[in-house]
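Summary of structural features
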Amino acid sequence: MIGFYHVYKQYIKDSYAIYDINLSIESGEFYFLTGASGAGKTTLLKLIYKEELPTKGQILIDSVNINLIPRKKLYRLRRKIGIVFQDFKLLNNRTVYENIAIPLVVRGYRKSYIDKMVKNSLSLVGLNHRKNYITSHISGGEQQRVAIARAIAGNPKIIIADEPTGNLDTELSIEILKIFEKINNNGVTVLIATHDNNLIKMFTKKTIELKQGNLVSYPSMEEQQWIY
Amino acid sequence: MDLLKKSLINAINNILRNKLINFLCLGIISFTLLTLGIFNYISYNLEIFTQNFSKNVEAIFYLKNDVKEKEIKAQISKIKESLLIDEIIYKSRDEAETNFLAQFPELRYILSEFDKSPFPSSIEIKFKQKESNLTTKIISFIEDIEKSDIIESKQVNIDWAKKVLYIKKFISITGIFLSGILFFVSIFIIYNVIKLNILYRKEEIDILQFVGATDWYIKFPFIIEGALMGLLGGLIAGFLLIISIKLIPSYSDFISNMLKEIISFKKIPLKILIRLLFFGTIIGLISSLFSLKKFFKN
């Protein structure tokens, strides 16, 4: 599903944000991506949805080498991936419904289908009662749930979340991760970047650890079997 | 259709949201198009004036004294070939003398001193009135006939129209030149306004890109916005042109009667108004496309 083959990313000379990363995430898996601030977590995620281009190496998403996707066709890759940001990236002057509907509207779906899909996403994150609220009028935890609902509304194959609990307290963070678990149970591949080790311990999932751009921990097959 | 509707609503909202900058922008487009409209209107009136003038055009070609009858017939046949000609009359020297005596019988004593008629023979031409762009064609036709070896001189009441045509040409060129400069100024200004609007909505554009919107989906509302701004500029310019044309004659004493004869100050032809809307939309479209191209390139 997601494959990195000798991937490097360099922003400035003589310093690598990502250094020779090799990893493979199969379809339907749940991974935590961890490491200290500046370890390269966000860069690695950005490489997946082609917000950044690798300096060297190949990245395969759903068997497609994304280096070869031209700018004009980038939307095809983005439609396979649901992205959740730490700062939510919601349109604050629009309603919860309108925000969640965006990925469906841009695909040109009919109103009835959009209504159905938004309703499903809202149910999954437990926000049906906030449907018509302006997003700036709801709490941070609810905003993050709206962001998750938006990410899953378009039926993506992969969900990527960059520090989705970074701005939330522990209780809300657990709630949010449980939502990701539910999404994963529906067969969606989930990759969550977090530096919160307590959360990682609480949810026994496979973990990729980065340190200064290097892959320091990546579960071997035996370890993966032990987890399950 | 849905995208067009949404884009239109978006564009109107954007124009209303950044009122000051967009209205300033609209003012500049309107000024550009108004300048274009004024020059177009003056040029159009001068054209009409010269066309009306040509309705009464008559040309008389006086022939040399030693011209043979065969040469005269050949010249008349050549003139008759032209589609511009309504009527052609040849007057021999004797006929010219007879006409003179009919008009001025008291001057008979002067002619009695000549053995032969002192008047030259002539070819008089009357031109058709329904030809389009008649004046220019007539001028060119007369200049062609004048080159003939049998023609001594000509008498044509079209010289004034010829001068008006030169003025019209000058005004047209000045208008195109001025409008051209303003055209580029407008493009530059709308380009920057659209750029500001794009930057203002950068977060929204980023979100749309992250959720898989196509470039076209993102660009379309901005293109509509540019075109709408240009179209509105054209409408305002057209409105201002109509108001100016209606008000100027009532309030300006300095406009001489002659100018009033040339410029009707009444009706603005539809083609000028359509031209303003067309150029306005083109200005808006070009500007927004440039802006978007640069944004997406970066």
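Numbering of residues starts from 1 in every chain and runs along the sequence as written. Naming scheme: in the order in which they are written, chains are lettered from A and ligands are numbered from 1. Predicted model: local features are reported for residues with pLDDT of at least 70 only, side-chain atom pairs are reported and counted for 80 or more only, and whole-chain, interface and lining totals are derived from all residues. The basis for the side-chain values is all heavy atoms of the structure; hydrogens and waters are excluded.

Patch members must show over 30% relative accessible area and no salt bridge, and they are joined within 9 Å when carrying like charges or within 5 Å when they are nonpolar side chains of Val, Leu, Ile, Met, Phe, Trp or Tyr. For accessible areas, the Shrake-Rupley method is used with a probe of radius 1.4 Å. Any residue's cover is judged against the shown protein chains and nothing else. Any Lys or Arg side-chain nitrogen found within 4 Å of a carboxyl oxygen on Asp or Glu counts as a salt bridge. Positive: Lys, Arg. Negative: Asp, Glu. His and the chain ends are not part of the count. Working definition for charges: the position is that of NZ of Lys, CZ of Arg, CG of Asp or CD of Glu. Residues D66(B), E71(B), D149(B) and E152(B) make up a contiguous surface patch of negative charge. One can find D66(B) in the loop between β1 (58–63) and α3 (69–80). In this description a helix means any DSSP run of H or I spanning at least four residues, a strand means any run of E spanning at least two, and both kinds are numbered starting from the N terminus.

Here the focus is a nonpolar patch on the surface. Residues and elements named next belong to chain B. Together, L4, L8, I12, L16 and F23 line one region of the surface with nonpolar side chains, adding up to about 400 Å² of accessible area. With four residues, the top contributor of residues to the nonpolar patch is helix α1 (residues 2–17). Assignment of secondary structure puts L16 in helix α1.

Before going further, it helps to spend a moment on the interface of chain B and chain A. With 13 residues of chain B at the interface, the matching set in chain A holds 20 residues. Buried surface area refers to the total accessible area, computed with a probe of radius 1.4 Å, that the two partners give up upon joining, counted for both partners together. Here chain B and chain A share an interface that buries about 1,500 Å² over both sides, 61% of which is from carbon and sulfur atoms. On the chain B side of the contact with chain A, I207(B), F210(B) and V211(B) bury the most area, a combined 44% of that side's loss. Summed over the shared surface of chain B and chain A, the number is two salt bridges. We note a salt bridge from D215(B) to R71(A), for which the minimum N-O separation is 2.5 Å. Here a residue-residue contact requires only that any non-hydrogen atoms of the pair lie within 4.5 Å.

Residue and element names in this part refer to chain A. In this scheme, strands are said to pair when DSSP sees at least two bridges between them. With respect to topology, six strands assemble into an open sheet ordered β6-β7-β8-β3-β9-β10, the strand pairing being mixed. Edge positions in the sheet fall to β6 (81–84) and β10 (214–217), since each has one partner strand and no second. Strand-to-strand twist of the sheet, defined as the mean angle between neighbouring strand axes without regard to direction, takes the value 20°. Here strand β3 (residues 30–34) runs beside strand β8 (residues 189–193); their pairing, made up of four bridges, is parallel. Considered in β8, the bridge of F32 is made with I192. A fitted line through C-alpha atoms serves as each axis, taken over the contacting stretch for helices, and the angle formed by two N-to-C directions is quoted from 0 to 180°.

Residues and elements named next belong to chain A. By convention, a stacked pair of Phe, Tyr or Trp rings (six-membered ring in the case of Trp) has centres within 6.5 Å and planes under 30 degrees apart, an edge-to-face pair has planes over 60 apart, and any other such pair is tilted. For the structure shown, the criterion picks out 15 aromatic pairs over all chains. Between Y16 and Y19 the ring centres are 5.0 Å apart and the planes differ by 75°, which places this aromatic pair in the edge-to-face class. Think of it in three bands: residues with accessible area under 20% of the maximum for their type are buried, residues over 50% are exposed, and the middle band is partly exposed, with areas taken using a 1.4 Å probe on protein chains only. When its relative accessible area of 37% is taken as the criterion, Y19 is described as partly exposed. Ring pairing ties together the aromatic residues Y8, Y16 and Y19, which thus form one cluster. Two thresholds decide whether a charge sits over a ring: the Lys NZ or Arg CZ must be within 6 Å of the ring centre and within 35 degrees of the ring normal. In this structure, R130 is placed above the aromatic ring of Y133, and the distance from its NZ or CZ to the ring centre is 4.7 Å.

A separate point is the environment of S7(B). Residue and element names in this part refer to chain B. Tracing the backbone shows S7 in helix α1. Distance in space between the C-alpha atoms of S7 and F222 is 7.8 Å, their sequence separation being 215 residues. With residues near it in sequence (within four places) discarded, S7 still touches F220, P221 and I224.

What follows is about the side chain of Q144(A). Residues and elements named next belong to chain A. Relative to the assigned elements, Q144 resides in helix α5 (residues 140–153). Assessed through its relative accessible area of 0%, Q144 is described here as buried. Any pair of N or O atoms that falls within 3.5 Å is considered a polar contact. Within protein, one atom must be able to donate a hydrogen and the other to accept it, and sequence-neighbouring residues count only if both atoms are side-chain atoms. A polar side-chain atom of Q144 sits 2.6 Å from the main-chain carbonyl oxygen of P164. For Q144, the contacting residues outside a window of four places in its chain are V84, F85, Q86, F88, P164, L168 and I176.

Time to look at the packing of α5(A) against helix α6 (residues 170–185) of chain A. Residues and elements named next belong to chain A. Running from N to C, α5 and α6 cross one another at 10°; their axes reach a closest spacing of 10 Å. Taken together, the axes of α5 and α6 are roughly parallel relative to one another. In the crossing of α5 with α6, the sense of the turn from one axis to the other is right-handed. Facing α5, whose interface residues are G141, Q144, R145, I148 and I152, α6 presents L172, E175, I176, I179, F180 and I183. Small angles under 35 degrees read as roughly parallel and large ones over 145 as roughly antiparallel, with 65 to 115 read as roughly perpendicular and the rest as oblique. Whether a crossing is left-handed or right-handed is set by the direction in which the near helix is turned from the far one by less than a right angle, anticlockwise for left-handed and clockwise for right-handed.

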